[in-house]
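Observations on chain architecture
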Amino acid sequence: MKRQLILENGETFVGEAIGSEQEKNGEVVFNTGMTGYQEILSDPSYCGQIVTMTYPLIGNYGINRNDFESVKPSINGLIVREATEYPSHFRSQLSINDWLMNEDIPGVQGIDTRKLTRMIRNSGTLKGRLCSMDADVEQVVAELKEMHLATDQVSRVSTKSRYMNPGPKERIVLIDYGVKKGIVKDLVSEGYEVLVVPYSMTTKEVLALQPDGIVLSNGPGNPTDVPEAIETVKGLIGKVPMFGICLGHQLIALACGAVTTKMNFGHRGSNHPVKDLRTGHIAMTSQNHGFTVNEKSLENTDLEITHINVNDSSVEGVRHKEFPVFSVQYHPEASPGPEDAKGLFKEFKQLVETNQEELRGKTHA
């Protein structure tokens, strides 16, 4: 069955339908990863987006039950050059088409993904619709031009109630803006008691949980769409050690007076080189964001830049000049082949342990 992708600029792409039959709108973005499609499909940071995979063959190792980043996927659609019909891997349980059908997510294969990617790179992300061949192109284009992208993604993907991951060591409160399972897993592996809480919790409510450390998770959309989260973070800075990841990084910057801006087409992939300015070390990182912290806006804040993107020099990490607070724009838990960025969890652990030692010293004094 044929299906078409219609974009707000009037361009159309016709291919073979995969996944469900429903029509879906969304912001069309691209990801350059060769693998990791299951994690991408289930990453809450893609909430409301239609994801284009630039690698031509997707689904060759199938879908398994272990590699999901969330229980319920949030993407609105998938675009690939070719979706493998018969995957081959000892852990494979479903083909990507079967999984899309089960989750009621539409997709299309067989279109020129190189052309689509170049179009997005040149003009920026575009609004689009996956729809049947019966759709009136002019009408759809008019509707897409009038359509406003969602601003409530964080509230849609954040947990609705707090939940505990038991551990023998310090208590880490993980504020969920769309957290990936990998972040929880890495924190638990350090032995922490990890208490995951909704994005809407206030400073007072978070501190009432008596955290030994706070992690601000990744999440979808524009960070300025969650002003209540910015206020919470502002109130938490200086109270306990804090580590921000992706959206959490942007919220720390905003809470300290910096500015975030929308990128032309964002960073989405598993091969983004990031330089640690403190050591000169370059790590290959996994990223998924459409907004970035404006470098110049950091000049009059209490934050200093610790990491930059080697490709475009954008801000990839900051730390507070006075308090034990730091953040990175990329995903240290993602391990896109190498595990270069895993050390950031060790860095956070050191901050938590040092803070505990200082508290014990004040108690004994």
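Everything that follows concerns the structure shown earlier in this document.
Presented here is a report on the structure given in the accompanying data block. All of these numbers come straight from a predicted model, not from anything done at the bench. (Residues numbered from 1 in each chain as written. Predicted model: local features only at pLDDT ≥ 70, side-chain atom pairs only at ≥ 80, totals over all residues. Heavy atoms only, no water.)

Let's shift gears to the overall build of the protein chain. The helix and strand tally for the protein chain stands at ten helices and 19 strands. Computed over the C-alpha atoms, the radius of gyration of the protein chain is 21 Å, within 12% of the 21 Å expected from 2.2 N^0.38 for a compact globule of 365 residues. When the backbone C-alpha atoms are referred to their principal axes, the protein chain occupies close to 75 × 45 × 40 Å. Long-range pairs, those at least 24 residues apart, make up 72% of the contacts in the protein chain between residues at least 6 apart in sequence. Placing the 37 positive and 47 negative side-chain charges of the protein chain at their respective mean positions leaves the two points 2 Å apart. (Helix = DSSP H or I, 4+ residues; strand = E, 2+ residues; numbered from the N terminus. Rg over C-alpha atoms; globule rule 2.2 N^0.38 Å. Contact = heavy atoms within 4.5 Å. Lys, Arg positive; Asp, Glu negative; His and termini not counted. Charge placed at Lys NZ, Arg CZ, Asp CG, Glu CD.)

Position of Met 164 relative to the elements: it lies in strand β10 (residues 163-165). For the pair formed by Met 164 and Val 315, sequence separation is 151 residues and the distance between their alpha carbons is 33 Å. If we skip the residues at most four places from it in the chain, Met 164 touches Arg 171, Glu 193, Val 194 and Leu 195.

Quick look at the pairing of strand β16 (residues 282-293) now. Within β16, ten of the twelve residues are buried, which leaves the element mostly enclosed by the surrounding structure. Relative to β16, strand β15 (residues 260-276) runs antiparallel, the two sharing ten bridges. Of the residues in β16, the one forming a bridge with Pro 273 is Met 284. (Buried < 20%, exposed > 50% of the residue type's maximum accessible area, 1.4 Å probe, protein only. Pairing = 2+ DSSP bridges.)

Take His 289: it is sitting in strand β16. Engagement of the side chain of His 289 in a polar contact is seen with the side chain of Gln 287, the distance being 2.9 Å. Leave out the neighbours within four places in its chain, and His 289 touches Cys 246, Gln 250, Met 263, Gly 266, His 267, Arg 268 and Gln 329. (Polar contact = N/O pair within 3.5 Å; in protein donor to acceptor, adjacent residues only side chain to side chain.)

Read across the sheet, ten strands follow the order β10-β12-β11-β13-β14-β19-β18-β17-β15-β16 without closing on themselves; strand pairing throughout is mixed. Here the strands that pair on one side only, and so sit at the sheet edges, are β10 and β16. Averaged over all pairs of adjacent strands, the angle between their axes in this sheet comes to 25 degrees, without regard to strand direction. Judged from the four bridges that link them, strand β14 (residues 242-245) and strand β19 (residues 325-328) form a sheet pairing that is parallel. Counterpart to Met 242 in the pairing with β19 is Val 325. (Axes fitted to C-alpha atoms, helices over the stretch in contact; angles between N-to-C directions.)

Mapping Thr 306 onto the fold places it in strand β17 (residues 303-309). Given a relative accessible area of 2%, Thr 306 falls into the buried group. Ignoring anything within four residues of it in the chain, the contact list for Thr 306 reads Lys 275, Asp 276, Leu 277, Arg 278, Gly 317, Val 318 and Arg 319.

Tallied over the full model, the rule gives seven aromatic pairs. One aromatic cluster in this structure is built from Tyr 192, Phe 243, Phe 326, Phe 345 and Phe 348. (Phe/Tyr/Trp six-rings, centres within 6.5 Å; stacked < 30°, edge-to-face > 60°.)

Once that is clear, we can look at the pattern of salt bridges. Counted according to the given criterion, the structure contains 16 salt bridges. A salt bridge links Glu 16 to Lys 2, with the shortest nitrogen-to-oxygen separation between them at 3.1 Å. Taken together, the residues Glu 16 in strand β2 (residues 12-19) and Lys 2 in strand β1 (residues 2-7) connect sequence positions 14 residues apart. Taking the relative accessible area as the measure of exposure, Glu 16 reaches 32% and is therefore partly exposed. With its nearest N and O atoms 3.8 Å apart, the salt bridge here joins Lys 296 to Glu 299. Under the relative-accessibility criterion, Lys 296 is labelled exposed at 60%. One connected set of salt bridges, linked through shared partners, spans Glu 190, Lys 346 and Lys 349. (Salt bridge = Lys/Arg side-chain N within 4 Å of Asp/Glu carboxyl O.)

With that settled, the discussion passes to the packing of helix α8 (residues 227-236) against helix α9 (residues 247-255). Running from amino to carboxyl end, α8 crosses α9 at an angle of 70 degrees, the nearest separation of the two axes being 8 Å. With respect to α9, the element α8 is oriented roughly perpendicular. Here α8 contributes Ala 229, Ile 230, Val 233 and Lys 234 to the contact with α9, which in turn contributes Leu 251, Ile 252, Leu 254 and Ala 255. Class assignment of the residues belonging to the contact of α8 with α9 gives a composition of seven nonpolar, no polar and one charged. (Parallel < 35°, antiparallel > 145°, perpendicular 65-115°, else oblique. Nonpolar A, V, L, I, M, F, W, Y, C, P; charged D, E, K, R; others polar.)

With that settled, consider the sheet that holds strand β8 (residues 106-109). Around the barrel, which closes on itself, the seven strands sit in the order β1-β2-β8-β6-β4-β3-β9 with mixed pairing between neighbours. In this sheet, adjacent strand axes meet at a mean angle of 35 degrees when their direction is disregarded. Where β1 meets β2, five bridges bridge the pair, whose relative direction is antiparallel. Counterpart to Ile 6 in the pairing with β2 is Thr 12. Those strands touched by helix α3 (residues 113-123) are β1, β2, β3 (24-31), β4 (49-53), β6 (77-80) and β9 (126-131), and its axis lies near 90 degrees from that of β3. Sheet contacts for helix α4 (residues 137-146): β1, β2, β3 and β9; angle to β1, the most-contacted strand, approximately 45 degrees.

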